[in-house]
Amino acid sequence: MFFKTLLSVVGIDQPNDDVLTAIGLCSELNAQLAVMVIAMAELPPIGDYPIGTADVWLKQRQQDQDNLVKRVDEIETLVQDAEISAAVTDEYPEPARARHLIGRRARYADVTLIGPDLLGNVGLKKKAIDGALFESGRPVLLIPRNSKPTLKPKRVLLAWDSGVECARAAREALDFMASADEVHVTMIDPDTSSIANGAEPGADIAAYLAHHGVKIIVDRLPSGGDPIATVLRQHATDIAADLIVMGGYGHSRVRELIFGGVTKSMIDDSELPILMAR
């Protein structure tokens, strides 16, 4: 079954572009839209601050909350004009709680949309992706600027390494892949050991997907010493993919933050929409 509820996370200062993208995707699927508008609350002043600091903090807090109500009203008008089923909520958390609140809300949607304006919001971007991926059990759809997002893709690249995260991503995208013209199961330098991909890498996932009516092409590619993310992005361009499907954070986030990794690279530098799960 195609996604029926899409969650769009937006910062209070973002323009309408991400919401309009979400409206377009909901119209494509006849799905319901949930919009979560977030403003970050500053921590209260503690310690030796000049007299009047607490008053300034209270005034700023009230101003933030007033702006949040105004922004919610604007987005409600936007979705009403689009004539789609939608619910708009707001949150005003301190930074440490934002990730948890996003993750909790994302549990009640089929996918969380991370639009181009949110991807450009460095602080909120990380909290939204981490919350949705690690605290909801649901996938995210990353939508880079100038891309053409669709949840009815004609050509899909499924990045495959036989890991649990990849399996979850494939399952989340199963209905989209079944309706696509072709799906390229793409493996980079596949490990042919018995504990990894086996003697014929990609055969097992190809058989599984074929049973669901997916039109499969298995692509086994050498990296040639290039980063895996670079090879994936180039192959997606070569096959004219509409969507990349992949697992996220097969290695620990700490390792990816320190050493880099495929997930981080794809999040930071992709020209195509990515459906990511873990």
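Above this text is the structure in question.
Rules and cut-offs
Residues numbered from 1 in each chain as written. Predicted model: local features only at pLDDT ≥ 70, side-chain atom pairs only at ≥ 80, totals over all residues. Heavy atoms only, no water. Helix = DSSP H or I, 4+ residues; strand = E, 2+ residues; numbered from the N terminus. Buried < 20%, exposed > 50% of the residue type's maximum accessible area, 1.4 Å probe, protein only. Contact = heavy atoms within 4.5 Å. Core = buried A, V, L, I, M, F, W, Y, C linked by side-chain atoms within 4.5 Å. Pairing = 2+ DSSP bridges. Right-handed = clockwise from strand over helix to strand, strands pointing away. Axes fitted to C-alpha atoms, helices over the stretch in contact; angles between N-to-C directions.

Trainee: Sorry, what's going on with the environment of Gly11 here?
Mentor: Position of Gly11 relative to the elements: it lies in strand β1 (residues 5-11). With relative accessibility at 4%, the residue Gly11 sits in the buried group. Separated by 173 residues in the primary sequence, Gly11 and His184 place their C-alpha atoms 35 Å from one another. Non-local contacts of Gly11, meaning those with residues more than four positions away in its chain, are made with Ile38 and Leu124.

Trainee: Help me out: how do you make sense of the nonpolar core in this one?
Mentor: Across soluble globular proteins, you tend to see nonpolar side chains buried next to one another. Leu6, Leu141, Leu158 and Met177 are the most contacted members of the largest nonpolar core, which has 49 residues in total. Here this core takes six residues from helix α1 (residues 17-29), the largest share from any one element. Those residues in contact with Leu158 that lie beyond four places of it in its chain are Ala170, Met177, Val183, His184, Val185, Thr186, Ile205, Leu209 and Val245. The next biggest cluster of nonpolar side chains, apart from the first, holds 37 residues, and it includes Ile114, Leu119, Val140 and Ile239.

Trainee: How should I be thinking about the pairing of strand β2 (residues 32-38) in this particular structure?
Mentor: Look at any regular strand and the pattern is simple: side chains alternate between the two faces of the sheet. Here β2 lies mainly inside the structure; six of its seven residues are buried. As defined by bridge partners, β1 adjoins β2 across seven bridges and the pair is classed as parallel. Paired with Ser8 across the bridge in β2 is Val35. What joins β1 to β2 is α1, and the crossover it makes is right-handed. In this sheet, strand β3 (residues 86-91) lies alongside β2 in parallel orientation, the contact comprising six bridges. Looking at β3, one finds that Met36 is bridged to Thr89.

Trainee: Honestly, the sheet that holds β3 in this entry has me stumped. Any pointers?
Mentor: Strand order in the open sheet formed by ten strands is β3-β2-β1-β4-β5-β10-β9-β6-β7-β8, with mixed pairing between adjacent strands. The open sheet has two edge strands with one neighbour each: β3 and β8 (216-221). Averaged over all neighbouring strand pairs, the angle between strand axes comes to 25°, with direction disregarded. Direction of pairing for strand β7 (residues 182-188) relative to β8: parallel, over a ladder of six bridges. Across the sheet, Ile188 pairs through a bridge with Leu221, a residue of β8. Each of β1, β2, β3 and β4 (111-114) is contacted by helix α3 (residues 95-106), which is oriented at about 170° to β2, the strand it contacts most.

Trainee: Can you help me understand the environment of Val19 in this one?
Mentor: Take Val19: it is sitting in helix α1. Residue classification places Val19 among the buried residues on the basis of a relative accessible area of 1%. Separated by ten residues in sequence, Val19 and Val9 have C-alpha atoms that sit 8.6 Å apart. Setting aside chain neighbours within four positions, we find Val19 in contact with Val10, Ile75, Leu78 and Val79.

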